[in-house]
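# A look at the structure
One-letter residues, chain by chain:
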Amino acid sequence: MPSIAIYTLGCKVNQADGAAMAELFRRSGYRVVDFLEAADVYIINTCVVTNEGQRKSRQLIRRAVRNNPGALVAVAGCYPQTAAEEVKNIPGVRLVIGNDQRAGIVRLVEEARLGNSVDAVKDLPTHMPFEELPSGQAEDRTRAFLKIQEGCNQFCTYCIIPYARGPLRSRSPGGIRREAAQLVELGYREIVLIGIHLGAYGCEPGSRATLVEAVKSVLALPGVKRVRLGSIESVELDDRLFALMEADERLCRHLHLPLQSGCDFILKNMNRPYTAGQFAALADSLRSRLPGLALTTDVIVGFPGETEEMFEKTLDFVRMLDFAKVHIFPFSVRKGTPAEHFSGQLPETVKHERAARLAEVAEKGRVNFLSGLINENVQVLLEQKDRSTGLLSGLTTNYQKVFLKAEENLLGEIVDARIDSLYKDGLLGAKTSRNF
C-alpha cells in the first residue's frame, strides 16, 4: 500500500480541497500519513493570498523533497495556478496541479510515479462546471466542511483569488443534498457550508439555485443538528436568510462578514461594493433581529494610500462595532493585481505597527462580546479534551470556545451549558442537564 502525505495551507476552502484529495487517495488504496513521516508521495496544497502564504508554500515543498528525496513531490492549488513555471523550477517538483484537476489527482500522481514530470495546470476558462469532490472525513466526526461554491468575479484590486480560482460556479442542489446526507450518516453534528464567494452561490448565468434554498435543503435532512455559514459578503445577505436564521436555531447565529477597511476612500480603491456606513447599518439590523449573533470580520491594514487619518477611521469603526473576532492582514502586494501598481505603497514597518494597534482594539471588542455571554445558557459542540486540565472544549452556535467539566464520553456531543467566566481564549462554563 503506497503512502501519501498532504499538507494544506490557507483558507477553509483550501482545507476542504486538501481533505477531499486525501479521501480520493484513501478510496484508491493509499495510506494517508502525517506530513513529517517518510512517504511515497507528498502533496503540498498551496496558498497565495499573501506573500507569507506563498513563502510557506515554497518552504514546505523543499521540506518534502528533503524528507524523502526519492518520493514524488506534487504541488497543487493556487500557487501553481498563478505561477506554474516558478513552481516547476523548484528542484524536486515532478507534478503541478491547478485548481480544476483535483478530481483526477490520483491518476495524475500515478502517471508521475512512472517517472514522468507532469504539468496539469491549464488556464481556467470563462465558463466551467463545479468540480464535485467528496468531503474529507475527520476522525472526531464533529464538524464537516461542505464546499458548495467555487470562484469569484468580484476582482477586488488587492486580491489574486479570481485569477487563482477562476469564475463563479456552484455545486448542484442535488450534489449538496447527497453529500450532506452522507456526512450526517457518518455522524457529523455540524455542517459548515463554504465557498470562495459563498454569497454568490447560484449567481452564474443560467442557474436558478440560491443560497437560501441550499441552506434549507441541508436543514431539511433528517438528523442535521447544526448548519453554519462560512465567510459571506455583507451585500449578499438577504431578508430570507435572516428569517431562516430567526426561525431555525440549528442555523448558527454567527456570520463572518469581511470588512477590509472602515474608510470609504480605501474601500472604493479596493473595489469593495459597500460603504462603511452601509456595513454598520447592516450590523445594527442583524443584531436587533438576531440576539446573540456573533459578527467576525477581516481587515487589511496598510493598503496603498492609507494615511494615518484613514487608518484611524478603521480603528474607530472596529471599536464601534465590537466584533467577536477580527482577522488582521497587513497589505500584501500580489503580482498581477491592480493594487500592485498603486501609488502610496507603505513600508512594512508601518503596516505591522498598524496591525498591532488594531489588534489591541479588536481584542477589547472580543472581550466585550465574550463578557456578554457570562451567566447565559449556551449549546456547545464538544470537540477536544485538554490533557493538562481534563476540561472538554468546543464551540457554541455563535462560534465561541467554551471549556467545560464534563465526562469524556460526551466528546462529539452537543450539550447545554451555563457560562461562568472568561477563561484562556474563550469561556469557562458548567454542563447543565440536556444533551442533543
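The text that follows walks through the structure, step by step, so that each part is easy to find. (Residues numbered from 1 in each chain as written. Predicted model: local features only at pLDDT ≥ 70, side-chain atom pairs only at ≥ 80, totals over all residues. Heavy atoms only, no water.)

## Points about the environment of phenylalanine 242
Heads up, the rule is: The helix and strand labels rest on DSSP assignments: H or I over at least four residues marks a helix, E over at least two residues marks a strand, and numbering proceeds from the N terminus. Residue contacts follow a heavy-atom distance rule, with two residues in contact if any of their heavy atoms lie within 4.5 Å.
Tracing the backbone shows phenylalanine 242 in helix α9 (residues 239-247). Contacts of phenylalanine 242, omitting those with residues within four sequence positions, involve Leu237, Leu282, Leu286, Arg289 and Leu290.

## Observations concerning the environment of alanine 164
Rules: Burial here depends on accessible area, computed with a 1.4 Å probe over protein chains only, as a share of the maximum for the residue type. Under 20% is buried, over 50% is exposed, and the range in between is partly exposed.
The topology assignment puts alanine 164 in helix α6 (residues 161-165). Residue class for alanine 164 comes out buried when judged on its relative accessible area of 0%. Placed 40 residues apart in sequence, alanine 164 and leucine 124 show a C-alpha to C-alpha distance of 8.4 Å. Beyond its immediate chain neighbours, meaning those up to four positions away, alanine 164 contacts Cys78, Gln81, Thr82, Asn99 and Leu124.

## Describing the packing of aromatic side chains
Remark: the centre distance and the inter-plane angle together describe each pair of aromatic rings, the angle taken between the planes. Selection criterion: Paired rings are identified among Phe, Tyr and Trp, the last through its six-membered ring, by centres lying within 6.5 Å, and are further divided according to the angle between planes into stacked (under 30 degrees), edge-to-face (over 60) and tilted (the rest).
Per the counting criterion, the structure on display carries eleven aromatic pairs. Taking 5.5 Å as the distance between ring centres and 75° as the angle between the ring planes, the aromatic pair formed by phenylalanine 35 and tyrosine 42 counts as edge-to-face. Note on accessibility: phenylalanine 35 and tyrosine 42 belong to one class, buried. Pairing phenylalanine 279 with phenylalanine 317 gives two aromatic rings, centres 6.0 Å apart and planes at 65°, and the pair type is edge-to-face. Of this pair, phenylalanine 279 sits in helix α11 (residues 276-289) while phenylalanine 317 is found in helix α12 (residues 308-321), placing the two residues 38 residues apart along the sequence. Side by side, phenylalanine 279 and phenylalanine 317 carry an identical accessibility label, which is buried. Each member of the aromatic cluster is reached from another via a ring pair, and the members are Tyr158, Phe303, Phe331 and Phe342.

## Examining the sheet that holds strand β8 (residues 169-170)
Under the convention used in this document: Strand pairing follows a simple DSSP-based rule, namely that at least 2 bridges must link the two strands. Every angle, taken between N-to-C directions, lies between 0 and 180 degrees, and every axis is a line fitted to C-alpha atoms, over only the stretch in contact when it is a helix.
Overall, mixed pairing links the four strands, which are arranged β8-β7-β9-β10 in an open sheet. Each having just a single partner strand, β8 and β10 (226-229) make up the two edges of the open sheet. Pairing between strand β9 (residues 190-195) and β10: four bridges, direction parallel. Within β10, the position partnered with leucine 193 by the bridge is leucine 229. Against the sheet, helix α7 (residues 173-185) contacts β7 (143-150) and β9, and its axis sits at roughly 170° relative to β7.

## A few points about the sheet that holds strand β1 (residues 3-8)
Backbone hydrogen bonds hold the strands of a sheet together, and the pairing may be parallel or antiparallel. One open sheet holds the six strands; their spatial order is β2-β1-β3-β4-β5-β6, and the pairing between them is parallel. Of all the strands in the sheet, the pair left with one neighbour each is β2 (31-33) and β6 (118-120). The mean inter-strand angle of the sheet, taken between neighbouring strand axes irrespective of direction, is 25°. Seen against the sheet, helix α2 (residues 51-67) touches β1, β3 (41-46), β4 (72-77) and β5 (93-97) and runs at an angle of roughly 175° to β3.

## A short note on the nonpolar core
One recurring pattern in soluble globular proteins is that nonpolar side chains are buried together. Quick reminder of the rule: Throughout this description, the term nonpolar core refers to a set of buried Ala, Val, Leu, Ile, Met, Phe, Trp, Tyr and Cys residues connected via side-chain atoms within 4.5 Å.
Formed by 57 residues in total, the largest nonpolar core has its most connected members in Ile148, Leu193, Leu237, Leu251, Leu255, Leu257 and Leu286. Core analysis: the second largest hydrophobic core is formed by 38 residues, Phe35, Tyr42, Met270 and Phe331 among them.

## So, the pattern of salt bridges
A pair can form between side chains of opposite charge whenever their charged atoms are brought close. We count it as follows: Salt bridge, as used here: a side-chain nitrogen of Lys or Arg that lies within 4 Å of a carboxyl oxygen of Asp or Glu.
This structure, assessed with the given rule, holds 35 salt bridges. Here arginine 102 makes a salt bridge to aspartate 17, at a shortest N to O gap of 3.6 Å. Of this pair, arginine 102 sits in the loop between β5 and α5 (105-113) while aspartate 17 sits in helix α1 (residues 12-27); the two residues are 85 residues apart in sequence, bridging distant segments of the chain. Both residues of the pair, arginine 102 and aspartate 17, count as buried.

## Thoughts on unusual backbone geometry
Of note in this structure, asparagine 271 is not a glycine but carries a positive phi near 65°. Within the secondary structure layout, asparagine 271 lies in the loop between α10 (264-270) and α11. Residues other than glycine seldom take positive phi values, yet lysine 424 does so here, at roughly 50°.

## Some thoughts on the side chain of asparagine 45
The condition is simple: Here a polar contact is taken to be a pair of N or O atoms separated by no more than 3.5 Å, where protein atoms must pair a possible hydrogen donor with a possible acceptor and residues adjacent in sequence count only if both atoms sit in side chains.
Of note, asparagine 45 is situated in strand β3. Here the side chain of asparagine 45 touches asparagine 14 through a polar contact of 3.1 Å, landing on its backbone oxygen. Residues contacting asparagine 45, with those up to four places away along its chain left out, are Tyr7, Thr8, Leu9, Asn14, Asp17, Gly18, Met21, Ala76 and Gly77.

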